[in-house]
Amino acid sequence: MLDDLLPKGLTDAARRLGVEPLEVVRLMVVTDTVSDGFAATDDHVAKLAAFGAIETGWWEGAELPKDKNESRQRVRAAIGLVLGRCAGGVRVRMDNLWRGLPLDAQELVEEAMNVLSDEGLVRIENAASGVLITVPADSEAQLRELASGKADSDGLNELYQD
Amino acid sequence: MTAMQSVTAALEGVASWRSEQEARRQAEIVDVDSQLEKLRADLAELQGKITSLEAFRGQLEERDASEGVVARSYDAIFAALLGQAAQLDTRAAEASEATAKRNQAVLDGLSKGELAPLVQEYNQFKTQVEPTLQALPESYRGAIIEHHHGIVDRIRAHLEDQIAGPAVVEGDRVELELVYGIDAPSGTPELLICVLPVKDVTFTDWAERPEDLSTHLGARAVQAIYEATKQGGLPGAQAVFGGHQGLLAVEVDLEGVSKDFAQLLADSFNAVLKSAPELAAGKLGLTARKVDFDFLLPPEIEDDEEEEG
């Protein structure tokens, strides 16, 4: 039991933040808070989470649309989340979008966002806080069509066949 | 008086001689023709050899003495780093053992020192009080939890004090290297590739394995890279990590970084790697070695680029 009170390190911080250990290192560097042995107290982890705008629970209560194709169903829901979070040009941390999902769903949503970026429907950019995603105003309507299932995308369709 | 020879007989003798002469001449012609044919065949063979040698000489003149160096360097680098990664595994296991021993000694000491009453109370809370907390009125529960947090804070502070710094490993110093290359075809850094003497599973399977010296060695190298990109005006640089030949490879898009990035990175590696306390305690030396960018690319990629070029 006392083991629980030993100083926590990089891996523990990564687990608590829901990111990979080397992302914790990056956040420590950009916030000038690299600690001895990469030790991370609760306060330190909270500060990294705040700086990185790391959030969890975006899928809590999210409804999946009716769709025979499970991959398309997940991606349509993810696009709906992006529209809800990024409307009006708001930039959000992109991995918030898949944090907490099963691993295969995480990969699917990440790939889908990259496809949408290639097709110019979302914009992905690197920032000190992390990889951010935003929706250009002129693509909101098209994304709504994709989220509702009224439209298709060649790139996404390829993804659904994998 | 000698017997008289008729003219006819005499001419017949001449005809016979002539016939013999003709036969000999024909035989000589056949013999000369045969010799000529053999000499011509020998000459043709020699001419073929001359042609072949001339062609080979031309190839030798055109051949670049550095041909094969890139592929051989790639193989040599990864073979060396894989060997070093195995050494790191061994040292990481030794360091983990030393840390576990040190931590256990500190935890054992807790129960005997001045914090013994607090430890007893902590244990009592975890085994007897915590399971019944939900049954208590909220006001009691809040007071008990607040009191418990106070105890936890004091024990934690003591542990942090006692476990400050990494455990020292007994044994010889192990010297390791990381290699990196910067692609700057037009003089401006565009891409960084760095390969560490760390097995890729250290980070690809990080959630399933304990944090150890390998984790810290990889983290220190990545810290140095991010320190350099930050100083180079690229605070949003995002490295991509992955396994290559079983080793951890790091790739960073350097678009927009300052032109002196190579020097910033060399300085950063030097500063971070030489001052990392856990590497010193683990008796690990890690040197950053800059190599030709092409040496880090798999041969097939290199060939593709040459074809495209």
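What you see is a predicted model; the values in this text were computed from it and never measured.

**Student:** Describe the domain arrangement of chain A, and please don't skip the residues or the numbers.
**Tutor:** Residues and elements named next belong to chain A. When the domains of chain A are assigned, the result is domain 1 (2–51) and domain 2 (70–161). Each of domain 1 and domain 2 was reduced to a C-alpha centroid, and the two centroids are 28 Å apart. Tallying the contact residues gives eight residues for domain 1 and seven residues for domain 2. Overall, the association of domain 1 and domain 2 removes approximately 440 Å² of surface from exposure, summing both partners, and the carbon and sulfur fraction of that is 44%. Of all residues in domain 1, V19, R26 and F51 bury the most surface against domain 2, accounting for 58% of the area lost on that side. Linking domain 1 to domain 2 there are one salt bridge. Of the charged contacts in the structure, one is a salt bridge between E23 and R93, with a shortest N-O distance of 2.8 Å. Where domain 1 meets domain 2, there are five residue pairs in polar contact (both at pLDDT 80 or more). Residue contributions to the side of domain 1 that touches domain 2 peak at four residues, all from helix α2 (residues 21–30).

**Student:** Now, about empty space enclosed by the protein: what can you tell me, with residues and values included?
**Tutor:** Residue and element names in this part refer to chain A. Taken as a whole and assessed by the stated rule, the structure comprises one cavity of 30 Å³ or more. What the largest cavity holds in volume is close to 50 Å³. Taken together, R72, R76, L146, A151, D152, S153, L156, N157 and Y160 form the lining of the largest cavity. Contributing elements (two or more residues each) for the lining of the largest cavity: α4 (70–86) and α7 (154–161). Looking at the lining of the largest cavity element by element, the count peaks at three residues for α7. Partitioning the lining of the largest cavity into residue classes produces four nonpolar, two polar and three charged.

**Student:** So what about the pattern of salt bridges? Which residues, and what values?
**Tutor:** Opposite charge on two side chains permits them to pair, given that their charged atoms come into close proximity. For the structure shown, the criterion picks out 24 salt bridges over all chains. Note that E55(A) and R85(A) form a salt bridge whose closest N and O atoms lie 3.7 Å from each other. Here E55(A) is found in the loop between α3 (42–51) and α4, whereas its partner R85(A) is found in helix α4, with 30 residues between them in sequence. Look at E55(A) and you get partly exposed, because its relative accessible area is 36%. Residues D212(B) and R209(B) are paired through a salt bridge, measuring 3.1 Å at the closest nitrogen-oxygen approach. Three or more residues are tied together by salt bridges with common partners; here these are E23(A), R26(A), R93(A), D95(A) and R99(A).

**Student:** Give a detailed account of the interface of chain B and chain A, specifying residues and quantitative values.
**Tutor:** At the junction of the two partners, chain B supplies 35 residues and chain A supplies 34 residues. Summed over both partners, the interface of chain B with chain A comes to about 2,900 Å²; 68% of that surface belongs to carbon and sulfur atoms. Between the two partners, chain B and chain A, sit two salt bridges. Here R156(B) ties to D42(A) by a salt bridge, and the two come within 4.0 Å at their closest N and O atoms. Across the chain B-chain A interface, the total number found is five residue pairs in polar contact (both at pLDDT 80 or more). Elements supplying a minimum of two residues to the side of chain B that touches chain A: α2 (69–110), α3 (116–129), α4 (138–162) and α6 (213–231) of chain B. Its residues placed into classes, the side of chain B that touches chain A shows 18 nonpolar, nine polar and eight charged.

**Student:** How would you summarise the domain arrangement of chain B if you had to cite specific residues and measurements?
**Tutor:** Frequently, the measure chosen for interface size is the accessible area that the parts lose on association. One can read the domain layout of chain B as domain 1 (11–54) and domain 2 (172–293). For domain 1 of chain B and domain 2 of chain B, the distance between their C-alpha centroids amounts to 80 Å.

**Student:** Lay out the packing of helix α1 (residues 10–17) of chain A against α2(A) in plain terms, naming residues and giving numbers.
**Tutor:** Residue and element names in this part refer to chain A. In the contact formed by α1 and α2, the axes pass within 8 Å of each other and the chain directions differ by 95°. Considering their axes alone, α1 and α2 lie roughly perpendicular with respect to each other. For the pair α1 and α2, contact is made by L10, A13, A14 and L17 and by P21, V24 and V25, respectively.

**Student:** Go over a negative patch on the surface with me, naming the residues and quoting the values.
**Tutor:** A cluster of acidic residues, D118(A), E119(A), D152(A), D154(A) and E158(A), forms a negative patch on the protein surface. The residue E158(A) is located in helix α7 in this model.

Analysis parameters
Residues numbered from 1 in each chain as written. Chains lettered and ligands numbered in written order. Predicted model: local features only at pLDDT ≥ 70, side-chain atom pairs only at ≥ 80, totals over all residues. Heavy atoms only, no water. Domains from an automatic or database assignment. Contact = heavy atoms within 4.5 Å. Buried area = accessible area lost by both parts, 1.4 Å probe. Salt bridge = Lys/Arg side-chain N within 4 Å of Asp/Glu carboxyl O. Polar contact = N/O pair within 3.5 Å; in protein donor to acceptor, adjacent residues only side chain to side chain. Helix = DSSP H or I, 4+ residues; strand = E, 2+ residues; numbered from the N terminus. 1 Å grid on protein atoms, 1.4 Å probe; cavity = no way out; pocket = protein on both sides within 12 Å on 5 of 7 lines; lining within 4 Å. Points joined across faces, edges and corners; volume = space filled by probe spheres on them. Nonpolar A, V, L, I, M, F, W, Y, C, P; charged D, E, K, R; others polar. Buried < 20%, exposed > 50% of the residue type's maximum accessible area, 1.4 Å probe, protein only. Axes fitted to C-alpha atoms, helices over the stretch in contact; angles between N-to-C directions. Parallel < 35°, antiparallel > 145°, perpendicular 65-115°, else oblique. Patch = residues over 30% accessible without salt bridge, like charges linked within 9 Å, V, L, I, M, F, W, Y side chains within 5 Å. Areas by Shrake-Rupley, 256 points an atom, 1.4 Å probe, with all protein chains shown as cover. Lys, Arg positive; Asp, Glu negative; His and termini not counted. Charge placed at Lys NZ, Arg CZ, Asp CG, Glu CD.

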